[in-house]
Structure formats: C-alpha cells, structure tokens
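Each chain is listed here by its residues.
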Amino acid sequence: MKQPLDLSGRDLVLLALLTISWGLNWPVMKIGVQDFAPMSFRTISMVGGLPILWLVVRSLGLSMAVPRQHWRELWLIGLTNMVVWFVLAMYGVKMLSSGRAAILGYTLPIWTAVIGMLVFGDRPSARLGWGVAAAAAGVTLLLASEFGTITGKPVGTLCMLAAALVWGFGTHLMRRRRQRTSVLVITFWSLLQSLIVCGLVAVLFERDQWSRPPNAAEWGAIAYNAVVIFGFSQVMWFRLASILPPVASGLSVMLIPVIGLFSGMAMLGEQPHWQDYAALACVLVAIASVLLPARKIRA
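Quick caveat: nothing in here was measured; it's all calculated off a predicted structure. (Residues numbered from 1 in each chain as written. Predicted model: local features only at pLDDT ≥ 70, side-chain atom pairs only at ≥ 80, totals over all residues. Heavy atoms only, no water.)

(A) Representation of the overall build of the protein in the model. For the protein, the helix and strand inventory stands at 11 helices and zero strands. In sequence order, the protein lays out its α and β elements as α-α-α-α-α-α-α-α-α-α-α. For the protein, long-range pairs separated by at least 24 residues make up 88% of all intrachain contacts whose partners lie at least 6 apart in sequence. Element-wise, carbon and sulfur atoms account for 68% of the exposed surface of the protein, whose accessible area totals about 15000 Å². (Helix = DSSP H or I, 4+ residues; strand = E, 2+ residues; numbered from the N terminus. Contact = heavy atoms within 4.5 Å. Areas by Shrake-Rupley, 256 points an atom, 1.4 Å probe, with all protein chains shown as cover.)

So this is what it looks like as structure tokens:
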C-alpha cells in the first residue's frame, strides 16, 4: 500500500511555487543571455542574490563557520553542484532554445542513478536500465536534430549534458557528505565560490562584450535570478527537501522541464520541433523510472 503524502496546504503551495519558479527561469535566463554575456549575467545575479541568502542564514541564527577539516569537501560540493553547472548551463542556454536546454538539464536524475551504479556501487534494477535507455533515446533525438541542421548547436547540447552529469556527481557528494554543516550554509559558501569563478571567467573572456549595460529586460532577468532563484527558490527547496517523500520531490523535478518548454513558447515565441516533444516524453519516462518507488510484491 502506498504511503499517502502528508503535506499541509502551505507545503503544497511551496511545492507549486518552487516548480513554477524554476521552470519559468529557463526562458528568463534565455532573455538574460540572448544578447548579453552569459557569465556577466550570472555574476551580477549572484552579487544580488548572495546578500539575500546571507540574511536568511543569519536570521536563522546559523553559524557561517565550517571546520577546517571539511574545507576540501565543501569545495568539491560547491564545484560539482554549482560552479560547473552555472558555467556550462549558461552557455548551453545561450546556444539552445530555453525549452530544449531545460529538457537536457533535467536528465540530472538519470546521471545521478548511473553514477551511483558505476562509481558508488549502487545495485541497478531492470527499471533503471529502461530509464537510461529512454534518456539516451531522448538525447539522441536532440543531438540528431542539432547535427542535422545548418544552424544546429551541438556544442550547446553537449554543454547541458555535461552540466547535468557533473551535477549528478555533486548530488552524490551532498548525500554522502561527512560534515554536519547546515545545507543553507553549504549553499552560501558554494554560491560565493561560484561568484568568484564566474566573475573571473567574465573578466577574462567577456570584457570585450561590456560595451553597454544590461537593458530593461536583462535587468529584469537578473533581478528574477537574484531574488526569486537565489533568495527564494533555494530556501524553499531546502524546506521541502527536508519534509517531502521521494515521490513528491521527484514529481517537482519532472514538471520543471515541462514548464520550461511551454513557458519558452509563451514568453519567447519558441517553436519546438517534434524531436523536442518526443525527447521530453523520453526524459519524463526516464526520470519516472528512477524516482518513483517500485511496487512491493506481497508475499
């Protein structure tokens, strides 16, 4: 018998807001980087979001200190969960449609499952094998579409897949971490680490693109990421991740690329091809195969 979801009305609202805010952020990021340097966009967003996260941490009375013996682990968690994702995903969004980038980015649970099997010795199931096959089919469809057109951006596709792969490894590092540091504090230091790296990339490679300040639409995208994503969605996720069973958190992940695809159509006028719809279906099947609990067979 399946265990019912013990969620209050407030928790359901938070779950809906989290899913919508992360899903909408894909076209919002596209607006931000379409004509603006991607690392500069991300850096400015983090400059605005980091103080908000600091205020949240301090308001909860949490210590910002991390024991010295855990610095290396903290650095690895930040590198794999935020730094690499921010760099590769931002360039991927710039090269691809926001909906396609969202679909590729949320192959994350598949890579998490595969890494668990290959690196950490997790025992695979037959259903996992079908899930990986479905994800591979979806990715192949998108890659074939990109290589098959003159204006295709296979590099953007590979950036998103690499970002999801590294984030999958980072997810394992978070789950298996030894330190007892608060997740909010880990997130703050990881975001600071990301700010430093993205800022350096922007200074080294994007200075020739600083001929103009962001326009009104780009400032709006920057503000959305600073306030909603870094200052609000992250906090909501930590709250929900501590109380939700796997089914509910998995469902929230599965809906994000759906919202990303259709909000890109509404906000940017993007016209997905049949490969996008087919790939979305494959990815949803794959994610469901990994996240939804298996049925228990009664003796």
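(B) Summary view of the environment of Leu104. With respect to the helices, strands and loops of the structure, Leu104 is situated in helix α4 (residues 98–105). As a C-alpha pair, Leu104 and Gly156 span 52 residues in sequence and 9.9 Å in three-dimensional space. The contact partners of Leu104, leaving out residues within four places of it in the chain, are Leu96, Val139, Leu142, Thr157, Met160, Leu161 and Ala164.

(C) Structural view of the packing of aromatic side chains. The full count for this structure, using the stated rule, is eight aromatic pairs. Geometrically, the ring pair formed by Tyr106 and Trp167 is edge-to-face, given 6.5 Å between the ring centres and 70° between the ring planes. Separated by 61 residues along the polypeptide, Tyr106 in the loop between α4 and α5 (108–118) and Trp167 in helix α7 (residues 154–175) bring together distant segments of the chain. An identical accessibility class is assigned to Tyr106 and Trp167; each is buried. (Phe/Tyr/Trp six-rings, centres within 6.5 Å; stacked < 30°, edge-to-face > 60°. Buried < 20%, exposed > 50% of the residue type's maximum accessible area, 1.4 Å probe, protein only.)

(D) Representation of the packing of helix α2 (residues 38–59) against helix α8 (residues 183–205). Interhelical geometry of α2 versus α8 gives an angle of 155° and a closest axis separation of 9 Å. It follows from the interaxial angle that α2 and α8 lie roughly antiparallel. Crossing geometry of α2 relative to α8 is assigned as left-handed. Facing Met39, Ser40, Arg42, Thr43, Met46, Val47, Leu50, Leu53, Trp54, Val56 and Val57 of α2, the residues of α8 in contact are Leu184, Val185, Thr187, Phe188, Leu191, Leu192, Ser194, Leu195, Cys198, Gly199, Val201 and Ala202. Class assignment for the residues of the contact of α2 with α8 results in 17 nonpolar, five polar and one charged. (Axes fitted to C-alpha atoms, helices over the stretch in contact; angles between N-to-C directions. Parallel < 35°, antiparallel > 145°, perpendicular 65-115°, else oblique. Left-handed = near helix turned anticlockwise from the far one by under 90°. Nonpolar A, V, L, I, M, F, W, Y, C, P; charged D, E, K, R; others polar.)

(E) Inspection of the environment of Tyr91 at higher detail. Its location among the elements puts Tyr91 in helix α3 (residues 71–95). Those residues in contact with Tyr91, other than ones at most four positions away along the chain, are Pro38, Met39, Val201 and Glu206.

(F) How the structure looks around α3. The end-to-end C-alpha distance of α3 is 35 Å, a good match for the 36 Å that 25 residues give at a rise of 1.5 Å each. Its axis deflected by about 45° at Leu79, α3 carries its strongest bend there. (Expected span 1.5 Å × (residues − 1). Bend = angle between axes of the 7 residues up to and from the residue.)

(G) Representation of the confidence of the model for the protein within the structure. Across the protein, pLDDT averages 84, with 85% of residues at or above 70. For the protein, per-element mean pLDDT is lowest for helix α10 (residues 246–268), which scores 74, and highest for α3, which scores 95. Per-residue pLDDT stays below 50 along residues 1–5; that stretch engages in three contacts with residues further than four places along the chain or on separate chains. (pLDDT = per-residue confidence, 0-100.)

(H) Inspection of the pattern of salt bridges at higher detail. Summed over the entire model, instances satisfying the criterion amount to two salt bridges. In this structure, Arg212 engages Glu218 in a salt bridge whose closest nitrogen and oxygen atoms are separated by 2.9 Å. A relative accessible area of 32% places Arg212 in the partly exposed class. Exposure remark for Glu218: the relative accessible area of 2% places this residue in the buried category. (Salt bridge = Lys/Arg side-chain N within 4 Å of Asp/Glu carboxyl O.)

(I) A look at the packing of α2 against α3. Between α2 and α3, the shortest axis-to-axis distance is 9 Å and the interhelical angle comes to 125°. Relative to α3, the element α2 is oriented oblique. Every pair of crossing elements has a handedness; the one defined by α2 and α3 is right-handed. Judged by residue contacts, Pro38, Met39, Phe41, Arg42 and Met46 of α2 engage Phe86, Val87, Met90, Tyr91 and Lys94 from α3. Grouping the constituent residues of the contact of α2 with α3 by class yields eight nonpolar, no polar and two charged.

(J) Up close: the environment of Ala113. Positionally, Ala113 belongs in helix α5. C-alpha separation for the pair Ala113 and His172, spaced 59 residues apart in sequence, amounts to 9.4 Å.

(K) Main features of the nonpolar core. Judged by nonpolar contacts, the single largest core of 67 residues is most densely connected at Trp26, Phe41, Trp85, Phe86, Met160 and Leu191. Here Met160 is in contact with Trp26, Trp85, Ala89, Gly92, Val93, Leu96, Ala101, Leu104 and Gly105, once residues within four sequence places are set aside. (Core = buried A, V, L, I, M, F, W, Y, C linked by side-chain atoms within 4.5 Å.)

(L) Region of the structure containing the side chain of Thr181. Residue placement: Thr181 occurs in the loop between α7 and α8. On the basis of relative accessible area, Thr181 is assigned to the buried category, the value being 11%. Once residues lying within four places of it in the same chain are set aside, the contact partners of Thr181 are Val66, Pro67 and Ile186.

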